[in-house]
Amino acid sequence: MPTFYLDNEPIEFEPGENVLAAALRHHREIPHYCYHPGLQVTAQCRMCLVDVVDMGNGRGMPKLQTSCSTAAAEGMKVDSQSEKVKHGQILVNEFLLINHPLDCPICDQAGECDLQDFSFKYGSGQSEMEYEKRVYGLRDVGTFIVLERNRCIHCSRCERFTRDVTGTHDFGMFLRTHELTFDTFEDHQITDKFQGNLADICPVGCIMNRDWRFKKRAWKLNKTESICPSCSTGCNITVEHHKNRVFRLKPRENQEVNRWWMCDEGRIGFKQLNDRVTRLAEPQARVKGQLRSVVWETAYEAIVTRLKEIGATGAQAFGIIDTHATNEEMHLFKKLMQEGLGAETVYFPLRRGEQQVQPPREDMDPFIYTLIQTDKSPNTRGALAQGLTGDEDDKRLLAALQAEPKVAVICGAPLEDNAAVCKAAAKAELVIQLGTFRGPWTEVADVVLPGYTYAEKQGSFTNKADRVQRINAGIRPAEGARDQVRILQELLAALGKPQKTVDAPDVFDAMASEQGAFKGMSWDKLGSLGGVLPGK
């Protein structure tokens, strides 16, 4: 690759790449506000100034240049640490702070604010301006965000995002000079499903997420890498939590899946993780028509005893698993039903997803609109890859229930909104549910085994493009619950089919060592960005 030199350090760049992008890719910091890799370059903030002492032809540029709009060239020599550059950065930063209020003590961006960080690192610490600051009011501009224009530094990220990414043209530039402002039209409310991204890309506390506002300081949050389970896209996210309470979900960059973005539907999914009212916190067994709390060992013993009494095999054993279950859980559930109970088929609700929202314009990049799918589960492709049985109208599943199986095992909450399915399964002599929250299946189950949410366990999902991606444990689970992988292994052991695996990574590696769609993969090789199924 061609090379230029940044502070005498060689930096490889791709043809057409600008100096700032190449520097950031090599983990070299050059302060900037308006530049974002997912937006068009405008060189508006002027903070990324550098001194080009040699353009690659032996001649330098007479003035400081914005590195975001300066194309890298072979042999170019760039200085980002000279006194000339530092003086330019101080002047730019001071200019940006002329009208910026001292809101840091009450601003939700504090702790992750670029203006704070760069003012500390590159600012002068003083100002020559003494006149009153420009003042605007707080604006309610959308269903998901609010606008505090007093803090705006005119980076134009919001305007470029709604113009070039969503194509909705929600933001624009109004007035001039001292009164210049970025705003929406006064009679216009933002209604698209990607508003949270505006708060993400805003480098200051100008655009704020309603759900996050005044809830917690950013520096207190612990961040766990995971995957959004709200649809089959599988957006890469961080689950951000403090004292075992989740406060927000934010997108994590993965160019193969969601780039830098995620939808608002996925963002609000964290609320159920904090639900302590309907959470299943301990195993229960039905005694005289009422669910009673029991210890785990007693629940397993009762299940084994009851199975022996019933003697169900083949079509008499019915199993259905939710597509919110991980690949590892599906693998073990299939073993439980086929090897432990002798069932011939394992069912799941098949919903082939399609793009839910169409882009408003044809002359834009429609990628962001492909993120929202009609399949509202993260692992439909995982179920298909493992050979589980399902069809979009659930005919085979309903036919299996019409045969009146004696044992029904339910993993998760599949088809809980389908009263006919729940009613038909409830006729079985033994109904076992592995669940996380109370619901229709809990009302008909004879034994309830509480599991973990996706933020409390390890595992993997297979998204709409057959990319296998890992989830990780971040928050502590309910005290009486157990990991679904552990529950399924303990059930198999109780039925005389012990497994050699211990946790989800072990199960995945064991699954990948067998003949099947995952053969040849490994947990470690998935990494933080995942890997595509072999042959896809």
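These lines cover the structure that appears in this document, whether it is placed above or below. Values in this document were obtained by computation on a predicted structure and should not be read as measured data.

The rules behind each value
Residues numbered from 1 in each chain as written. Predicted model: local features only at pLDDT ≥ 70, side-chain atom pairs only at ≥ 80, totals over all residues. Heavy atoms only, no water. Buried < 20%, exposed > 50% of the residue type's maximum accessible area, 1.4 Å probe, protein only. Helix = DSSP H or I, 4+ residues; strand = E, 2+ residues; numbered from the N terminus. Arc of directions from axis to C-beta. Contact = heavy atoms within 4.5 Å. Phe/Tyr/Trp six-rings, centres within 6.5 Å; stacked < 30°, edge-to-face > 60°. Lys NZ or Arg CZ within 6 Å of the ring centre and 35° of its normal. Pairing = 2+ DSSP bridges. Patch = residues over 30% accessible without salt bridge, like charges linked within 9 Å, V, L, I, M, F, W, Y side chains within 5 Å. Areas by Shrake-Rupley, 256 points an atom, 1.4 Å probe, with all protein chains shown as cover. Salt bridge = Lys/Arg side-chain N within 4 Å of Asp/Glu carboxyl O. Lys, Arg positive; Asp, Glu negative; His and termini not counted. Charge placed at Lys NZ, Arg CZ, Asp CG, Glu CD. 1 Å grid on protein atoms, 1.4 Å probe; cavity = no way out; pocket = protein on both sides within 12 Å on 5 of 7 lines; lining within 4 Å. Points joined across faces, edges and corners; volume = space filled by probe spheres on them. Nonpolar A, V, L, I, M, F, W, Y, C, P; charged D, E, K, R; others polar. Core = buried A, V, L, I, M, F, W, Y, C linked by side-chain atoms within 4.5 Å. Domains from an automatic or database assignment.

### Quick look at helix α3 (residues 114–122)
Turning to step 1, where the next piece is worked out: Turning to α3, its buried residues are Leu 115, Phe 118 and Tyr 122. Along α3, the residues classed as buried sweep out an arc of 75° about the axis, all on the same side. Relative to its buried face, α3 has exposed residues pointing more than 90 degrees away, namely Phe 120 and Lys 121.
Turning to step 2, where the next piece is worked out: Looking at the buried residues of α3, the elements they touch are α2 (83–96).

### Section: the packing of aromatic side chains
Two aromatic rings, taken as a pair, are described by how far apart their centres are and by the angle between their planes.
Turning to step 1, where the next piece is worked out: Counted according to the given criterion, the structure contains 11 aromatic pairs.
Turning to step 2, where the next piece is worked out: With centroids separated by 5.8 Å and ring planes inclined at 55°, the aromatic side chains of Phe 4 and Phe 13 adopt a geometry described as tilted.
Turning to step 3, where the next piece is worked out: A network of ring pairs unites the aromatic residues Tyr 33, Phe 118 and Tyr 122 as a single cluster.
Turning to step 4, where the next piece is worked out: Lying across the ring of Trp 212, Arg 248 places its NZ or CZ 4.1 Å from the centre.

### What to know about the pairing of strand β19 (residues 447–450)
Turning to step 1, where the next piece is worked out: Burial along β19 is two-sided: the residues Val 447 and Leu 449 and Val 448 and Pro 450 are all buried.
Turning to step 2, where the next piece is worked out: With two bridges joining them, strand β14 (residues 284–287) and β19 adopt antiparallel strand pairing. Paired with Ala 285 across the strands is Val 447, a residue of β19.
Turning to step 3, where the next piece is worked out: For strand β18 (residues 430–435) and β19, the ladder comprises four bridges, and the chain directions are parallel. The residue of β19 that forms the bridge with Gly 435 is Pro 450.

### Quick notes on a negative patch on the surface
Turning to step 1, where the next piece is worked out: Judged by side-chain charge, Asp 503, Asp 506, Asp 509 and Asp 524 come together as a negatively charged surface patch.
Turning to step 2, where the next piece is worked out: Turning to its location among the elements, Asp 506 is positioned in helix α14 (residues 504–513).
Turning to step 3, where the next piece is worked out: On the basis of relative accessibility, which here comes to 33%, the residue Asp 506 falls in the partly exposed class.

### Some words on unusual backbone geometry
Turning to step 1, where the next piece is worked out: The phi angle at Asn 8 is positive, at roughly 70°, despite the residue not being glycine.
Turning to step 2, where the next piece is worked out: Within the secondary structure, Asn 8 sits in the loop between β1 (3–6) and β2 (9–12).
Turning to step 3, where the next piece is worked out: Residue classification places Asn 8 among the exposed residues on the basis of a relative accessible area of 74%.

### Details of the layout of surface pockets
Turning to step 1, where the next piece is worked out: Reported here for the largest pocket is a volume of approximately 1,400 Å³.
Turning to step 2, where the next piece is worked out: Mapped by element, the contributors of at least two residues to the lining of the largest pocket are α1 (19–25), α3, α5 (196–201), β10 (207–209), β12 (236–242) and β13 (245–251).
Turning to step 3, where the next piece is worked out: No other element matches β13, which puts five residues into the lining of the largest pocket.
Turning to step 4, where the next piece is worked out: Here the residues of the lining of the largest pocket are counted per class, giving 20 nonpolar, eight polar and 17 charged.
Turning to step 5, where the next piece is worked out: Roughly 1,000 Å³ of internal volume is contained in the second largest pocket.
Turning to step 6, where the next piece is worked out: Contributing to the lining of the second largest pocket are 38 residues, with Gln 272, Asp 322, His 324, Ala 413 and Glu 416 lying nearest its centre.
Turning to step 7, where the next piece is worked out: Counting residues per element, the lining of the second largest pocket draws most heavily on β18, which supplies three residues.
Turning to step 8, where the next piece is worked out: Split into classes, the residues belonging to the lining of the second largest pocket amount to 14 nonpolar, 14 polar and 10 charged.

### Focus: the pairing of β12
Consecutive side chains of a regular strand alternate in pointing toward one face of the sheet and then the other.
Turning to step 1, where the next piece is worked out: In terms of burial, β12 is a largely internal element, seven of the seven residues being buried.
Turning to step 2, where the next piece is worked out: Residues of β12 alternate between two faces, with Asn 236, Thr 238, Glu 240 and His 242 on one and Ile 237, Val 239 and His 241 on the opposite face, all of them buried.
Turning to step 3, where the next piece is worked out: The sheet contact formed by strand β11 (residues 222–227) and β12 spans six bridges and is antiparallel. Among the inter-strand pairings, Ile 227 is bridged to a residue of β12, identified as Asn 236.
Turning to step 4, where the next piece is worked out: Between β12 and β13, which follow one another and run antiparallel, lie two residues, and Lys 243 among them has a positive phi close to 50°.

### Topic: the pattern of salt bridges
Turning to step 1, where the next piece is worked out: Applying the stated criterion across every chain, the model contains 34 salt bridges.
Turning to step 2, where the next piece is worked out: Linked through salt bridges whose partners overlap, the residues forming this network are Glu 112, Lys 223, Glu 240 and Arg 248.

### Quick word on empty space enclosed by the protein
Turning to step 1, where the next piece is worked out: According to the stated counting rule, one finds three cavities of 30 Å³ or more in the structure shown.
Turning to step 2, where the next piece is worked out: Within this model, the largest cavity holds a volume of roughly 110 Å³.
Turning to step 3, where the next piece is worked out: Considering the residues around the largest cavity, the lining is formed by 16 residues, among which Cys 152, Cys 155, Cys 158, Cys 202 and Ile 207 are closest to the centre.
Turning to step 4, where the next piece is worked out: When grouped by side-chain class, the residues that make up the lining of the largest cavity number 13 nonpolar, two polar and one charged.
Turning to step 5, where the next piece is worked out: One number sums up the size of the second largest cavity: a volume of about 60 Å³.

### Some words on the environment of Gly 56
Turning to step 1, where the next piece is worked out: Within the secondary structure layout, Gly 56 lies in the loop between β3 (49–54) and β4 (65–66).
Turning to step 2, where the next piece is worked out: For Gly 56, a relative accessible area of 39% puts it in the partly exposed group.
Turning to step 3, where the next piece is worked out: Spatially, the C-alpha atoms of Gly 56 and Phe 4 are 8.2 Å apart, while their sequence positions differ by 52 residues.
Turning to step 4, where the next piece is worked out: If near-sequence neighbours (up to four positions away) are discounted, Gly 56 is found in contact with Glu 74, Gly 75 and Met 76.

### Notes on the nonpolar core
Nonpolar side chains tend toward joint burial in soluble globular proteins.
Turning to step 1, where the next piece is worked out: Core analysis: the largest hydrophobic core is formed by 59 residues, its most contacted members being Tyr 33, Phe 161, Leu 198, Ile 207, Trp 261 and Ile 368.
Turning to step 2, where the next piece is worked out: Three or more residues apiece are contributed to this core by two domains, here domain 1 (3–81) and domain 2 (308–454 + 462–532).
Turning to step 3, where the next piece is worked out: Those residues in contact with Tyr 33 that lie beyond four places of it in its chain are Cys 45, Met 47, Asn 93, Leu 96, Asp 114, Leu 115, Phe 118, Ser 119, Ile 153, Cys 155, Arg 157 and Pro 203.
Turning to step 4, where the next piece is worked out: Ile 310, Leu 332, Leu 449 and Leu 491 belong to the second-largest nonpolar core, a separate cluster that totals 37 residues.

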